[in-house]
Amino acid sequence: MRVIICPSPDAVGYWAAEYVKQRIQSFAPTADRPFVLGLPTGSTPLLMYKTLIEFYQRGKLNFQNVITFNLDEYVGLSLDHPQSYAAFMQQHFFSHIDIPQNQIYQLDGMAIDPVVECQAYEDKIRVAGGIDLLIGGVGEDGHIAFNEPGSSLASRTRRVRLSDRTLQSNSRFFDHEIRKVPKSALTVGVGTILEAREVMILAQGEQKAMAVQQAIEGSVNHWWTVSALQLHPQSVIVCDEEATVELKVKTVRYLRGLDGGV
């Protein structure tokens, strides 16, 4: 696992965007060989998306031959609901770049049969050739995508019940009223995430420090699903200074010594 410690939350977003740009450019995708991204929602990746949009507007990057898969979606929210993750992605990223709409894949929270919807999503990822770079955030309790504590590290895309802690955290997007937050979601599984060729997790703020500590210094276990990154041959955590406060001083010194830039 590679760990990048940035001086600020803004630097986390810029580093991540620069990494995505370099990965797409070095891959040199074509219509017959697209680059496949797994993408997160929430406040953590916003600066990354803003910077990627700026790269596109300045002619440094295009998304014509990029395919995207969102990591999760609330059950019971239509794709055009203002608080759906599909709407979030349109507002903050997709509507500002040149990616063809038919290359955007998102879970349908209104699916009549969630089991069928989730299996179809796994099939679509496989048909696309697998995910080249999957980007995610991490919850305060160490969950990645919506793989809450206790999720199997071999789990696949499925419907999950959201924890009270997650509902409370996400209530900020629902007028701070927890009763408005959907109680379940569709999410890619930990096993699905680990099959991506690269995984990059972003973490900002002291509230994420325990999750970062468990991911880097803790044991691999299903109570902190982010710890599964230790099993991935090409994973990176990009965090700010505050997110490292639970790490041992010698761990931070060691990681700084390994940092070789983007």
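Note: the structure precedes this text.
To start, this report covers the structure provided alongside it. (Residues numbered from 1 in each chain as written. Predicted model: local features only at pLDDT ≥ 70, side-chain atom pairs only at ≥ 80, totals over all residues. Heavy atoms only, no water.)

Remarks on the pattern of salt bridges
Then step 1. Tallied over the full model, the rule gives 12 salt bridges.
Then step 2. Taking the shortest distance from any N to any O, the salt bridge between glutamate 18 and lysine 21 comes out at 3.1 Å. Taken as a pair, glutamate 18 and lysine 21 lie in helix α1 (residues 9–27) at a separation of 3 residues, close to a single helical turn.
Then step 3. Within the structure, one salt-bridge network assembled from shared partners comprises Asp175, Glu177, Arg179 and Lys180. (Salt bridge = Lys/Arg side-chain N within 4 Å of Asp/Glu carboxyl O. Helix = DSSP H or I, 4+ residues; strand = E, 2+ residues; numbered from the N terminus.)

Description of the packing of aromatic side chains
Then step 1. All told, the structure shown has 12 aromatic pairs when counted by the stated rule.
Then step 2. Each ring, one from phenylalanine 63 and one from phenylalanine 93, has its centre 5.6 Å from the other, and the planes form 85°; the classification is edge-to-face. On the criterion of sequence distance, the pair formed by phenylalanine 63 in the loop between α2 (46–57) and β3 (66–70) and phenylalanine 93 in the loop between α3 (85–92) and β5 (104–105) is long-range, its members being 30 residues apart. Here phenylalanine 63 and phenylalanine 93 have matching classes, each one buried.
Then step 3. Pairwise contacts between aromatic rings join Tyr49, Phe63, Phe93 and Phe94 into one cluster.
Then step 4. Sitting above the plane of the phenylalanine 55 ring, lysine 21 keeps its charged end 5.2 Å from the centroid.
Then step 5. Above the ring of phenylalanine 27, the side-chain terminus of arginine 33 is found at 3.9 Å from the ring centroid. (Phe/Tyr/Trp six-rings, centres within 6.5 Å; stacked < 30°, edge-to-face > 60°. Buried < 20%, exposed > 50% of the residue type's maximum accessible area, 1.4 Å probe, protein only. Lys NZ or Arg CZ within 6 Å of the ring centre and 35° of its normal.)

A few points about the environment of serine 169
Then step 1. Note that serine 169 resides in helix α5 (residues 164–170).
Then step 2. The partly exposed category is assigned to serine 169, whose relative accessible area is 31%.
Then step 3. Separated by 140 residues in sequence, serine 169 and proline 29 have C-alpha atoms that sit 37 Å apart.

Things to note about the environment of isoleucine 144
Then step 1. Considering the arrangement of structural elements, one finds isoleucine 144 in the loop between β6 (133–136) and β7 (158–161).
Then step 2. The exposure class assigned to isoleucine 144 is buried, which follows from its relative accessible area of 2%.
Then step 3. Each C-alpha atom, one on isoleucine 144 and one on threonine 225, is 6.3 Å from the other, the two residues being 81 residues apart in sequence.
Then step 4. Isoleucine 144 has contacts with Gly137, Val138, Ile193, Ile201, Thr225 and Val226, leaving out every residue within four places of it along the chain. (Contact = heavy atoms within 4.5 Å.)

Quick word on the packing of α1 against α2
Then step 1. The geometry of α1 relative to α2 is characterised by a closest axis approach of 8 Å and an angle of 50° between their N-to-C directions. On the basis of their axis angle, the class for α1 and α2 is oblique. As for how α1 packs across α2, the hand of that crossing is right-handed. Seen from α1, the contacting residues are Pro9, Asp10, Gly13, Tyr14, Ala16, Ala17, Glu18, Val20 and Lys21; seen from α2, they are Leu47, Met48, Thr51, Leu52 and Phe55.
Then step 2. Per-class residue counts for the contact of α1 with α2 are 9 nonpolar, 2 polar and 3 charged. (Axes fitted to C-alpha atoms, helices over the stretch in contact; angles between N-to-C directions. Parallel < 35°, antiparallel > 145°, perpendicular 65-115°, else oblique. Left-handed = near helix turned anticlockwise from the far one by under 90°. Nonpolar A, V, L, I, M, F, W, Y, C, P; charged D, E, K, R; others polar.)

Overview of the packing of α2 against α3
A pair of packed helices is characterised by two quantities: the angle between their axes and the separation of those axes.
Then step 1. Viewed as axis vectors pointing N to C, α2 and α3 meet at an angle of 40°, and their least axial separation amounts to 10 Å. Judged on the interaxial angle alone, α3 and α2 are oblique. Contact with α2, carried on its side by Leu46, Tyr49 and Ile53, involves Phe88, Met89 and His92 of α3 and no other residues of that element.
Then step 2. Looking at the contact of α2 with α3, its residues break down into 5 nonpolar, 1 polar and no charged.

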